[in-house]
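Structure at a glance
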Amino acid sequence: SQQGEEDPQALSIQEGENATMNCSYKTSINNLQWYRQNSGRGLVHLILIRSNEREKHSGRLRVTLDTSKKSSSLLITASRAADTASYFCAKDFGNEKLTFGTGTRLTIIP
Amino acid sequence: KAGVTQTPRYLIKTRGQQVTLSCSPISGHRSVSWYQQTPGQGLQFLFEYFSETQRNKGNFPGRFSGRQFSNSRSEMNVSTLELGDSALYLCASSLALGGAVEAFFGQGTRLTVV
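A brief structural summary. (Residues numbered from 1 in each chain as written. Chains lettered and ligands numbered in written order. Predicted model: local features only at pLDDT ≥ 70, side-chain atom pairs only at ≥ 80, totals over all residues. Heavy atoms only, no water.)

All right, on to the pattern of salt bridges then. Residues and elements named next belong to chain B. If you walk through the whole model with that rule in mind, you get 7 salt bridges over all chains. For Arg67, the salt bridge identified is with Glu75, shortest N-O distance 3.4 Å. The class of Glu75 is buried, set by a relative accessible area of 16%. One network of salt bridges, with partners in common, ties together Arg63, Glu82 and Asp85. (Salt bridge = Lys/Arg side-chain N within 4 Å of Asp/Glu carboxyl O. Buried < 20%, exposed > 50% of the residue type's maximum accessible area, 1.4 Å probe, protein only.)

Our next topic: the state of the cysteines. Evaluated as defined, the whole model comprises 2 disulfides over all chains. Note on cysteine connectivity: Cys23 of chain A is disulfide-linked to Cys89 of chain A, with sulfurs 2.0 Å apart. The sign of the S-S torsion, about 65°, decides the handedness of the disulfide formed by Cys23 of chain A and Cys89 of chain A: right-handed. Remark: Cys89 of chain A occurs in strand 9 (residues 85-92) and Cys23 of chain A occurs in strand 3 (residues 19-24); sequence separation between them is 66 residues. In this structure Cys23 of chain A comes out as buried when scored by relative accessible area, which is 1%. Cys23 of chain B shares a disulfide with Cys91 of chain B; S-S distance 1.7 Å. Across the S-S bond linking Cys23 of chain B and Cys91 of chain B, the dihedral sits near -45°, which makes this disulfide left-handed. On the criterion of sequence distance, the pair formed by Cys23 of chain B in strand 3 (residues 19-24) and Cys91 of chain B in strand 9 (residues 87-94) is long-range, its members being 68 residues apart. For the pair Cys23 of chain B and Cys91 of chain B, one class covers both residues: buried. (Disulfide = S-S within 2.5 Å. Helix = DSSP H or I, 4+ residues; strand = E, 2+ residues; numbered from the N terminus.)

Residue and element names in this part refer to chain B. With 8 of 8 residues buried, strand 9 is to be regarded as a mostly interior element. Covered by surrounding structure in strand 9 are Ala87, Tyr89, Cys91 and Ser93 together with Leu88, Leu90, Ala92 and Ser94, the residues of both alternating faces. Judged from the 7 bridges that link them, strand 4 (residues 31-38) and strand 9 form a sheet pairing that is antiparallel. Considered in strand 9, the bridge of Trp34 is made with Cys91. (Pairing = 2+ DSSP bridges.)

This brings us to the sheet that holds strand 8 (residues 74-78) of chain B. All names here are of chain B. If you walk across this open sheet you meet the 4 strands as 1-3-8-7, and the pairing is antiparallel. Two strands lie at the open edges of the sheet, namely strand 1 (5-7) and strand 7 (64-68), each paired on one side alone. Across the sheet, the mean angle from the axis of one strand to that of its neighbour is 15°, orientation sign disregarded. Pairing of strand 7 with strand 8 involves 5 bridges; the strand directions are antiparallel. If you follow Gln68 over to strand 8, its bridge partner there is Ser74. (Axes fitted to C-alpha atoms, helices over the stretch in contact; angles between N-to-C directions.)

Residues and elements named next belong to chain B. Looking at where Gln68 falls in the secondary structure, it is placed in strand 7. By relative accessible area, which is 5% here, Gln68 ends up buried. One polar contact links the side chain of Gln68 to the main-chain amide nitrogen of Phe50, over a distance of 3.4 Å. Looking at Gln68, its side chain comes within polar contact range of the main-chain nitrogen of Glu52, at 2.8 Å. (Polar contact = N/O pair within 3.5 Å; in protein donor to acceptor, adjacent residues only side chain to side chain.)

Under the defined criterion, the tally for this structure stands at 8 aromatic pairs over all chains. On the basis of an interplanar angle of 85° and a centroid distance of 5.3 Å, the ring pair of Phe100 of chain A and Tyr35 of chain B is categorised as edge-to-face. Here Phe100 of chain A, found in strand 10 (residues 98-100), pairs with Tyr35 of chain B, found in strand 4, and the two come from separate chains. Owing to a relative accessible area of 2%, Phe100 of chain A belongs among the buried residues under this scheme. Note on Tyr35 of chain B and Phe45 of chain B: the rings are 5.8 Å apart at their centroids and 70° apart in plane angle, and the pair reads as edge-to-face. (Phe/Tyr/Trp six-rings, centres within 6.5 Å; stacked < 30°, edge-to-face > 60°.)

Residue-level contacts link 20 residues of chain A with 23 residues of chain B. Where chain A abuts chain B, roughly 1,700 Å² becomes buried across the two surfaces, and 48% of that area is made up of carbon and sulfur atoms. Notably, a salt bridge pairs Arg55 of chain B with Glu96 of chain A, separated by 3.0 Å at the nearest N-O pair. At the level of elements, strand 4 (31-37), strand 5 (43-50), strand 9 and strand 10 of chain A are the ones that each hand at least two residues to the side of chain A that touches chain B. Its residues assigned to classes, the side of chain A that touches chain B comprises 6 nonpolar, 9 polar and 5 charged. (Contact = heavy atoms within 4.5 Å. Buried area = accessible area lost by both parts, 1.4 Å probe. Nonpolar A, V, L, I, M, F, W, Y, C, P; charged D, E, K, R; others polar.)

So this is what it looks like as structure tokens:
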């Protein structure tokens, strides 16, 4: 399967700490996106990183992409209670659709 | 500008019935995708439409179907509902097909089959 995995499945950290989530895949990608989903609601786009990019930043978010290892990571720095959500990576394998993983459930403990 | 609108937000149906869900994309977006989300399964791709044509279909039985209208609004239909069809159905719109641009999601329709 092209999908790969996200890990960890769940992560709990103290407010103020950094959170890192990982996404792996098995076949080459054109682009990779990260999304956030608050409980039972729609997904919100965070960052899109293209296969020729290695790192992108957006506020407290940092995404890296290592195409040789077929993996990406999302780092949230100085976490806040409002960051509690599920985070998904979505891979663009060039087949005109996004393929989502099962996500990482992040809980920030106040 | 208005976001992606899905109706209804909640739905309870009986096994064996059929259901139609609606999605109004962001104005100007011609691509609409549908996903099924169940606990532990992540988002499973159902289908994608672009300019009224189905461009991609996921691995779901024929009971799941969809269409897109000339104004880019989309509907999906599930016939002969099964208990396992209970899920959050999400619709997303974007300017183009695939993953080169961001997708904008609606709030979803939560379908419960009893």
